Amino acid sequence: APTLEATPLEPLLAVAGDSVLIDCVVKNLQNYTIIWRRVVPGSNKTEILSAGEVRIIPDPRFSLLHQKDHETWVLQIQKAQVNDSGRYVCEVNTSPRMQIYRLLSVVERIPSNSKAFPVDHNYTDRINQDPTCSSGGTAILIKKHLTHHEIPNPTLNEIEATTISLNLPNIDPIIISSIYIPPSSKTSTFTLDLKSILQLGNTCILGGDFNAHHVSWGSNKNTEKGNKIKSLANSANLDIIAPSTPTRYGNYTASFIDFIMAKNFLYPYDISSVPELSSDHNPVIANFYFNYKAPKQNNTFKTNWKNFKSDMINSTYNFNQITNSNELDSEISNFTENINKIFNSNSKIVDPTTQYINNKIKTIHHERNVARRNWQSTRNPAFKTLFNRLHRQATKLEQKIKQDDWRDKLIALQPNDNSLWNTAKQMRKQHTKISALKGQSSIALSNSEKAETLADSLENQFTLNNLKDPDTENIVHNTILKFFNSPTDTNITPPTFSELLHHTNKINVRKAPGIDGISNKIIRNLPLTTILKFYHLLTHIFKLNHFPTSWKTAVVIPILKPGKDPTAPASYRPISLLPNFSKITEHFILQRLNEHFYSNNILIPFQFGFKPKLSTTHQLLRATETISAGFENKEHTGAVFLDIQKAFDRVWLNGLIYKLIN
């Protein structure tokens, strides 16, 4: 059945004379029809504007935009008028009918020579605009209860700006400046104006339309202005804060030219580009968090480990004889499902804010709730007054406890136990979303589109180079087939139960789980009976020479490579999170491989990678000693350093197995 996107909470805002786009997302429309209606002002009646892609209303300003096979249906109103304000209905002719409402507010355009500005009475406006110019200009709206004052701009020749000093309690003054850099500004001198504003205070936030492109903030090209701003940011140690999706849309383009430059501003933030106005520029919303704490996971689980172990012991295990790989895969699937089922039944998600609730707050909450119930049942104003007073007390006390808790954490930080450095690292780390990606045929904006684009890129990266040689391929294929069909030595010693216990007791509980969701902490809390079941499965993995299929599936997390274009899918390095049971099994397989290598003297002595207690440092030391010995003997030392692009990603596995056989 069709599904409609949830009704947006905020109304659409437009200026008279502009074009308005009202969108409606309908999934799985099938053979039903989209109908746009408008609620007649002063009544509950509606008039039909369009049905399907056909305009019904005679007014030619209205039209319907829709691309074939797309889920978005857009009602376009050209040259919007104030009387176009009201409620618009997107309807699907199902039974019963499905509807969502979109609210539109159209306001008059303010003449360029007018000082009027429609501002809510709770806000103060600071405006800087040339009255003789119909474009450009900057403004800042700030709530009246916030202590601030306007700062006169220094002499600016190329840019426009409105600047204030925000004076928050217990925080150094913050200079906030609304910036507009016209396209006609001189590239050679506009950064001088930016430097002048940055010198107004120690902590500065400059945000607005910079009309500059650079790949470092998401653009697909570097312009001269973008290079100048990037150079200024590097030299002055500025942070450039940009959303992950484009901020300006042209007819066939999408670009990032609206962003923030910050100086000495280390507070956590989030920033996004929101398609809410009928303009070629999206509003960019940045939230800064002054009352913050160290980052935590989204969900915190509280597990009753005692009950978990008890339920695991009571669960029935059948140590069935496993004779083939299919039976092994089935047993492992049942094993992991049973652990997850018991863990979920003994765990619950805990609201992170509960850590701040103490007995005093609980008492105030109880009294407040009693006062609210009494007010609802009696409508006595005294209970309403009591409720409001207790609610204010609870809010202030919660805030004080949070701040005191954070203060105590800061006081407890010590450099000798790395707590100071770990906290500083968390604070300075900027968690940004993946930028819009340039796909093969279009720009990927949604999460699903980005995932598909990254998957296509990874598939391309792991595709073998087209170096076909039929004769060589036939030799390799026949050799491998003969090897796999011939009897093999299966006397690979599986790990002992004591080895398994020793390894599981020292695994790092902070490592991320794989796709099965079983963390190392869960494994550390498994009873001996469950470990014994895992040991039963592990021995059959060695006996059958079969690695479980479900343990080969990984969760892939893309990480942007330093200095790479964030819009290019190939700029992301895939990090794979395998199931922890898979990692334990791989540990023992690697252990047995190394024992075989060492006992048969297979590896050359100069192989330092992937060997215990050796690293690239030893290889560098060996090279340094060789060069030093050459100097002492008055000899030249030649060296060849080879780096093969995509060597791991595109290795011919069958060819590698063929070489190992030989």
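What counts and what doesn't
Residues numbered from 1 in each chain as written. Predicted model: local features only at pLDDT ≥ 70, side-chain atom pairs only at ≥ 80, totals over all residues. Heavy atoms only, no water. Helix = DSSP H or I, 4+ residues; strand = E, 2+ residues; numbered from the N terminus. Buried < 20%, exposed > 50% of the residue type's maximum accessible area, 1.4 Å probe, protein only. Contact = heavy atoms within 4.5 Å. Lys, Arg positive; Asp, Glu negative; His and termini not counted. Charge placed at Lys NZ, Arg CZ, Asp CG, Glu CD. Pairing = 2+ DSSP bridges. Axes fitted to C-alpha atoms, helices over the stretch in contact; angles between N-to-C directions. Phe/Tyr/Trp six-rings, centres within 6.5 Å; stacked < 30°, edge-to-face > 60°. Lys NZ or Arg CZ within 6 Å of the ring centre and 35° of its normal. Patch = residues over 30% accessible without salt bridge, like charges linked within 9 Å, V, L, I, M, F, W, Y side chains within 5 Å. Areas by Shrake-Rupley, 256 points an atom, 1.4 Å probe, with all protein chains shown as cover. Salt bridge = Lys/Arg side-chain N within 4 Å of Asp/Glu carboxyl O. Arc of directions from axis to C-beta. pLDDT = per-residue confidence, 0-100. UniProt positions renumbered as here; feature names shortened; annotations may be inferred. Core = buried A, V, L, I, M, F, W, Y, C linked by side-chain atoms within 4.5 Å.

The chain is annotated in an unreviewed UniProt entry as RNA-directed DNA polymerase from mobile element jockey from Araneus ventricosus.

Chemist: When you look at the overall build of the chain in this model, what are you seeing that I'm missing?
Modeler: A tally of helices and strands in the chain yields 15 helices and 28 strands. Looking at the chain residue by residue over its 662 residues, the buried ones come to 32%. Pairs at least 24 apart in sequence give 60% of the contacts found in the chain among residues at least 6 apart. Placing the 73 positive and 57 negative side-chain charges of the chain at their respective mean positions leaves the two points 7 Å apart.

Chemist: How should I be thinking about the sheet that holds strand β17 (residues 239–241) in this particular structure?
Modeler: One key point about sheets: their strands pair by backbone hydrogen bonds, in either a parallel or an antiparallel sense. As summarised here, the arrangement of the six strands in space is β13-β14-β15-β16-β20-β17, forming an open sheet in which the pairing is mixed. The open sheet has two edge strands, β13 (148–150) and β17, and neither has a second partner. When strand polarity is set aside, the average angle formed by the axes of neighbouring strands in this sheet is 20 degrees. Where helix α1 (residues 190–198) meets the sheet, its contacts fall on β14 (160–166), β15 (174–180), β16 (203–209) and β20 (258–263), and the angle it forms with β16 comes to roughly 140 degrees.

Chemist: Looking at this model, I keep getting lost on the packing of aromatic side chains. Mind explaining?
Modeler: The geometry of two aromatic rings is summed up by the distance between their centres and the angle between their planes. With the rule as written, the count across this model stands at 14 aromatic pairs. For the pair W305 and F308, a centre-to-centre distance of 5.5 Å together with 90 degrees between the ring planes defines the contact as edge-to-face. In this pair, W305 and F308 both sit in helix α3 (residues 305–314), three residues apart, roughly one turn of the helix. Take F308: its relative accessible area is 0%, and that puts it in the buried class. Note on F483 and F484: the rings are 5.7 Å apart at their centroids and 55 degrees apart in plane angle, and the pair reads as tilted. Of the residues examined, F483 reaches a relative accessible area of 35% and is grouped as partly exposed. Grouped by ring-pair contacts, the aromatic residues F335, F534, F547, W551 and F581 constitute a single cluster. When the ring centre of F319 is taken as origin, the NZ or CZ atom of K533, which lies over that ring, is 5.6 Å away.

Chemist: How should I be thinking about unusual backbone geometry in this particular structure?
Modeler: Glycine aside, residues mostly have negative phi, and peptide bonds are mostly found in the trans state. The omega torsion across S95 and P96 is 0 degrees, close enough to zero to call that bond cis. Within the secondary structure, P96 is located in the loop between β9 (86–92) and β10 (98–107). Positive phi, normally seen in glycine, also occurs at N237, with a value near 60 degrees. Topologically, N237 is positioned in the loop between α2 (224–236) and β17.

Chemist: Sorry, what's going on with a nonpolar patch on the surface here?
Modeler: Together, I515, V555, I557, I559 and I575 line one region of the surface with nonpolar side chains, adding up to about 370 Å² of accessible area. Top contributing element to the nonpolar patch by residue count: strand β27 (residues 555–560), with three residues. Residue placement: I557 occurs in strand β27.

Chemist: When you look at helix α10 (residues 497–504) in this model, what are you seeing that I'm missing?
Modeler: Since one α-helical turn is 3.6 residues long, residues separated by three or four positions face the same way. For α10, the full list of buried residues reads L500, H503 and T504. Down the axis of α10, the buried side of the element spans an arc of 95 degrees, and every buried residue falls inside it.

Chemist: Sorry, what's going on with the confidence of the model for the chain here?
Modeler: Where the model shows low pLDDT, its predicted coordinates should not be examined in detail. Of the residues in the chain, 90% reach a pLDDT of 70 or more, and the chain-wide mean stands at 83. Overall, residues 111–116 carries pLDDT values under 50, and its contacts beyond four positions in sequence, including any with other chains, amount to six contacts.

Chemist: How should I be thinking about the UniProt feature "domain: Reverse transcriptase" (unreviewed entry) in the chain in this particular structure?
Modeler: Mapped onto the present numbering, the UniProt feature "domain: Reverse transcriptase" (unreviewed entry) falls on residues 540–662. In residues 540–662, helix accounts for 41% and strand for 10%; the two terminal C-alpha atoms are 28 Å from one another.

Chemist: Hey, could you run me through the nonpolar core in this one?
Modeler: Within soluble globular proteins, side chains that are nonpolar tend to cluster in buried spots. Ranked by internal contacts, the top residues of the largest apolar core, which has 27 residues, are I339, L526 and F581. Looking at this core, the elements that each hand over two or more residues are α3, α4 (325–345), α11 (520–524), α12 (528–544) and α13 (580–599). Ignoring sequence-local partners within four residues, the contact set of I339 consists of F308, M312, I518, I522, L526, T530 and F581. L29, F62, L75 and I100 belong to the second largest nonpolar core, which has 25 residues in total.

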